[in-house]
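Reading the structure
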Amino acid sequence: MFIQLHALTSYPGTLLNRDDAGFAKTLPFGGTTRTRVSSQCLKYHWRNFQGEHALYDMDVPRSLRSRETFYRRLVKPLVEDGHPEPLVAAAALALQERLLSDDRVNLSPLKNLLKEESDPRETLETNQVTIFGAPEMRYLRDLAADKVAEVTEEFPAFLNGETPDSGTLSDAAKVLRDFSKRDLRKNLKGLELASGLDAAMFGRMATSDVLARGDAAVHVAHAFTTHAQESESDYFSAVDELRRDEPEESGELGAGHINTQDLTSGLFYSYVVIDVPLLVSNLEGVGRIEWQDADRTLAGEVARRFVHLMTTVSPGAKLGSTAPYSYAQCLFAETGTAQPRTLANAFQSPARTDNVLANSYEKLGRYVDEIDQMYGVQTDRRLAAMGPTEALVERLKVDGTTSVPEIATWTANQIQGGA
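The rules behind each value
Residues numbered from 1 in each chain as written. Predicted model: local features only at pLDDT ≥ 70, side-chain atom pairs only at ≥ 80, totals over all residues. Heavy atoms only, no water. Axes fitted to C-alpha atoms, helices over the stretch in contact; angles between N-to-C directions. Helix = DSSP H or I, 4+ residues; strand = E, 2+ residues; numbered from the N terminus. Parallel < 35°, antiparallel > 145°, perpendicular 65-115°, else oblique. Left-handed = near helix turned anticlockwise from the far one by under 90°. Contact = heavy atoms within 4.5 Å. Nonpolar A, V, L, I, M, F, W, Y, C, P; charged D, E, K, R; others polar. Buried < 20%, exposed > 50% of the residue type's maximum accessible area, 1.4 Å probe, protein only. Core = buried A, V, L, I, M, F, W, Y, C linked by side-chain atoms within 4.5 Å. Phe/Tyr/Trp six-rings, centres within 6.5 Å; stacked < 30°, edge-to-face > 60°. Arc of directions from axis to C-beta.

Topic: the packing of helix H13 (residues 297-312) against helix H17 (residues 404-416)
Close contact between H13 and H17 brings their axes to 8 Å; oriented N to C, the two are set at 155°. In terms of axis orientation, H13 runs roughly antiparallel to H17. As for the relative orientation of H13 and H17, their crossing is right-handed in sense. Across from Thr297, Ala299, Gly300, Glu301, Ala303, Arg304, Val307, His308 and Thr311 in H13, the residues of H17 making contact are Val404, Pro405, Ile407, Ala408, Thr409, Thr411, Ala412, Ile415 and Gln416. Of the residues that constitute the contact of H13 with H17, the class distribution is nine nonpolar, seven polar and two charged.

Considerations on the environment of Glu301
Topologically, Glu301 is positioned in helix H13. Glu301 sits in the partly exposed class, given a relative accessible area of 21%. As for Glu301 and Ala344, which are separated by 43 residues in sequence, their C-alpha atoms are 27 Å apart. Other than its neighbours up to four places away in sequence, Glu301 contacts Met58 and Gln416.

Points about the nonpolar core
Of all hydrophobic cores here, the largest spans 50 residues; its most connected members are Leu5, Ile274 and Phe306. Broken down by element, this core gets its largest block of residues, eight residues, from H13. In contact with Ile274, other than residues within four places in its own chain, are Met1, Phe2, Ile3, Leu5, Ala217, Val218, Leu279, Ala303 and Phe306.

Here we look at unusual backbone geometry
With a phi close to 70°, Asp102 is a non-glycine residue in the positive phi region. Inspection of the secondary structure puts Asp102 in the loop between helix H3 (85-101) and helix H4 (107-114). Positioned with a positive phi, Ala323 is a non-glycine residue whose angle comes to about 45°. Within the secondary structure, Ala323 sits in the loop between helix H14 (319-322) and strand E10 (330-336).

Digging into the packing of aromatic side chains
One pass over the full model with this rule turns up seven aromatic pairs. Consider the rings of Tyr11 and Phe268, whose centres lie 5.8 Å apart with planes at 75°: the pair is edge-to-face. You can see Tyr11 sitting in strand E1 (residues 2-14) and its partner Phe268 sitting in strand E9 (residues 255-275), a full 257 residues away along the chain. In this structure Tyr11 comes out as buried when scored by relative accessible area, which is 7%. Relative to Tyr269, the ring of Phe224 lies with its centre 6.1 Å away and its plane at 70°, an arrangement referred to as edge-to-face.

Topic: H4
Among all positions in H4, only Leu110, Leu113 and Leu114 are buried. All buried residues of H4 project into a common sector of 100° when viewed along the axis, lining one side. Where H4 is buried, its residues contact H3, helix H5 (120-124) and helix H7 (166-176). A positive phi of about 60° marks Glu116, the residue just after H4.

Digging into the packing of helix H6 (residues 134-154) against H7
As a packed pair, H6 and H7 sit with axes 10 Å apart at the nearest point and diverge in direction by 155°. Comparing the axis directions of H6 and H7 gives the class roughly antiparallel. Relative to H7, the crossing made by H6 is right-handed. Taking contact as the criterion, the partners of Lys147, Glu150, Val151 and Glu154 in H6 are, on H7, Ala172, Val175 and Leu176. Per-class residue counts for the contact of H6 with H7 are four nonpolar, no polar and three charged.

Written out as structure tokens, the structure reads:
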């Protein structure tokens with residue numbers, strides 16, 4: 001079962017998503033350049049939104065995205081609880097290596113931590129952002145605390161303020177890195193929503209067989225304009241008000257700063273697919289084929305909230321100078337078991353911009369009608385839209401238009417098995 005969400009959202013005078021040079025991201029499509037918003041940008045703002053319908057307003061564990069997770073969420077809390085930092089840091093490094101690379105850490109870096117010859121924060125910083133769930137980190141903290149207690153009981157020199165000899169350091173390091181791969185895998189897998197809501201929705205890459213890899217249940221396409229890019233190089237200046245008011249002090253008049261920035265406007269097509277069995281599987285810890293026998297309450301609520309987020313939450317770049325807040329003008333929702341298909345190709349030939357919403361509606365409706373003629377109607381559908389919707393309603397084969405809140409509730413019911 002798949003839920004497909006298609007939205008059209010207009011943004012005037014914004015810079016929603018920038019490239020490395022500070023210009024609006026673009027996409028060549030259909031022989032013309034379009035303004036683009038990356039899927040990473042969209043997902044970031046949806047999952048971090050704080051307000052009505054926010055994902056983390058629910059009583060669900062978070063996913064932690066950081067290069068410093070092991071130091072911030074494992075070492076610091078245990079040290080604050082009174083555990084010796086060198087032992088905690090060494091245990092954390094052993095766990096980190098086992099989880100991320102599936103290997104035992106070498107004794108040398110462990111001994112350096114035990115001798116306090118290396119900085120725990122720098123040693124534990126990973127090369128790339130890792131994703132761990134709050135339940136996983138709670139379990140790993142408890143595991144590290146137990147290991148530290150085992151070492152201090154066997155080697156009391158670490159508690160007595162003595163300097164352990166080389167043999168003691170080596171023996172302690174061996175104990176600290178002795179974590180069972182089988183037990184780690186089994187216990188992490190058994191945690192409820194172990195990797196957090198974010199990873200359950202958008203996936204997690206894992207390179208070891210200890211840490212569970214998570215496939216994304218919510219697939220997000222890059223949004224792009226239905227028409228050719230429309231942009232303007234905005235010249236601006238910042239007034240130096242002291243120079244303005246007291247020119248005799250500096251002998252100069254004028255701006256304190258002069259620059260330009262890229263501004264764009266456009267009607268963006270956005271596309272999201274929710275793989276319902278996988279979403280239920282990721283949230284409830286059941287096999288994908290068993291999704292219909294699982295509790296689908298949370299999955300339905302996640303989908304309900306997501307419909308609101310997709311249609312009302314905007315990328316937050318340059319809030320102070322462009323106020324880039326827009327609600328979708330069209331939401332077309334579909335459910336069914338057929339292979340999903342984007343409707344982006346409706347805009348392969350760019351829409352005219354003299355009446356861009358009406359022209360985009362005409363292209364969207366015509367394309368869906370042609371798809372239906374070729375493959376048959378394969379989905380159940382709902383439409384919320386403003387503007388000239390009469391022809392769109394007919395071509396999308398819906399009974400009429402409804403509201404976004406009603407589509408959100410309908411989407412949740414499709415998952416939960418309601419009416």
